[in-house]
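Coordinates in review
One letter stands for each residue in the lines below.
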Amino acid sequence: MQISARGDYAVRAALSLAQAYPALMSAQAIAQDQNMPRKFLEAVLADLRRAGVVRAQRGAEGGYTLSHPPRDVTIGQILRAVDGPLAGVRGLRPEETQYSGAAENLPNLWVAVRAAVREVVDEVSLAELISGRMPAHVRKLTTRPDAWQPR
């Protein structure tokens, strides 16, 4: 799975908002907190707002906050809000792919890949990520001998 810059920024911004929840944070404060360009962040925050993940308040005391408590917002929700479906194959959802011959079973693999990604990003909330107390099955993945090795 490739995490886009937009997805990375969205998760990092949401983590800043989760840590400040329920207080408001300005885009400038989030950008400074996460060391990211404000203009790009504002576009990401707009995507998160349209998806209902964050809400914005205008005015001198305005800013952004999560629409729901951090325990109720998953990393998967955030990634989908800015990048769309988690797994795609040439612009199709895995279950929409069809192949013949030697590749006829490939859709099963693509669906399994999506399910594996969901088992992580849809099972970890912002609150869990901030606290470092992620679900046991996710923590276990990081302890595999090759987990931290590039391939």
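As recorded in an unreviewed UniProt entry, the protein chain goes by the name AsnC family transcriptional regulator, listed as coming from Actinoplanes lobatus.

Some remarks on the packing of helix α1 (residues 5–20) against helix α4 (residues 75–83)
Taken N-terminus to C-terminus, the directions of α1 and α4 make an angle of 135 degrees; their axes are 9 Å apart at the nearest point. Taken together, α1 and α4 sit at an angle that is classed as oblique. Remark: the crossing between α1 and α4 carries right-handed chirality. Contacts from Arg6, Gly7, Ala10, Val11 and Ala14 in α1 reach Ile75, Ile78, Leu79, Val82 and Asp83 in α4. Among the residues forming the contact of α1 with α4, the class breakdown is seven nonpolar, one polar and two charged.

A word on the pattern of salt bridges
Counting across every chain of the model gives nine salt bridges. Of the charged contacts, one joins Asp122 and Arg80 as a salt bridge, the two residues approaching to 2.8 Å between their closest N and O atoms. Of this pair, Asp122 sits in the loop between α5 (106–121) and α6 (126–131) while Arg80 sits in helix α4; the two residues are 42 residues apart in sequence, bridging distant segments of the chain. Judged by relative accessible area, Arg80 falls into the partly exposed class, the value being 31%.

Criteria and thresholds
- Once a new chain begins, its residue numbering starts again from 1 and follows that chain's sequence as written.
- Reporting of local features is limited, given that this is a predicted model, to residues whose pLDDT is at least 70; pairs of side-chain atoms are given and counted only at 80 or more, and all residues count toward the totals for whole chains, interfaces and linings.
- The basis for every side-chain value is the complete set of heavy atoms in the structure, and neither hydrogens nor water enter the calculation.
- Here an angle of 0 to 180 degrees is reported between the N-to-C directions of two axes, which are lines fitted to C-alpha atoms, with helices fitted over the stretch in contact.
- Per the convention used, a helix needs a DSSP run of H or I reaching at least four residues, while a strand needs a run of E reaching at least two, with both numbered from the N terminus.
- Throughout this description, any angle smaller than 35 degrees is read as roughly parallel, any larger than 145 degrees as roughly antiparallel, any in the 65 to 115 degree range as roughly perpendicular, and the remainder as oblique.
- Crossing handedness: left-handed means the near helix sits turned counterclockwise from the far one by under a right angle, and right-handed means the same turn made clockwise.
- Residue contacts are defined here by distance: any two heavy atoms, one from each residue, within 4.5 Å place the two residues in contact.
- Note on residue classes: Ala, Val, Leu, Ile, Met, Phe, Trp, Tyr, Cys and Pro are nonpolar, Asp, Glu, Lys and Arg are charged, and everything else, Gly too, is polar.
- We define a salt bridge as a contact between a side-chain nitrogen of Lys or Arg and a carboxyl oxygen of Asp or Glu at a distance within 4 Å.
- Under the scheme applied here, a residue whose accessible area is under 20% of the maximum for its type counts as buried, over 50% as exposed, and between as partly exposed, the area being computed with a 1.4 Å probe on protein chains only.

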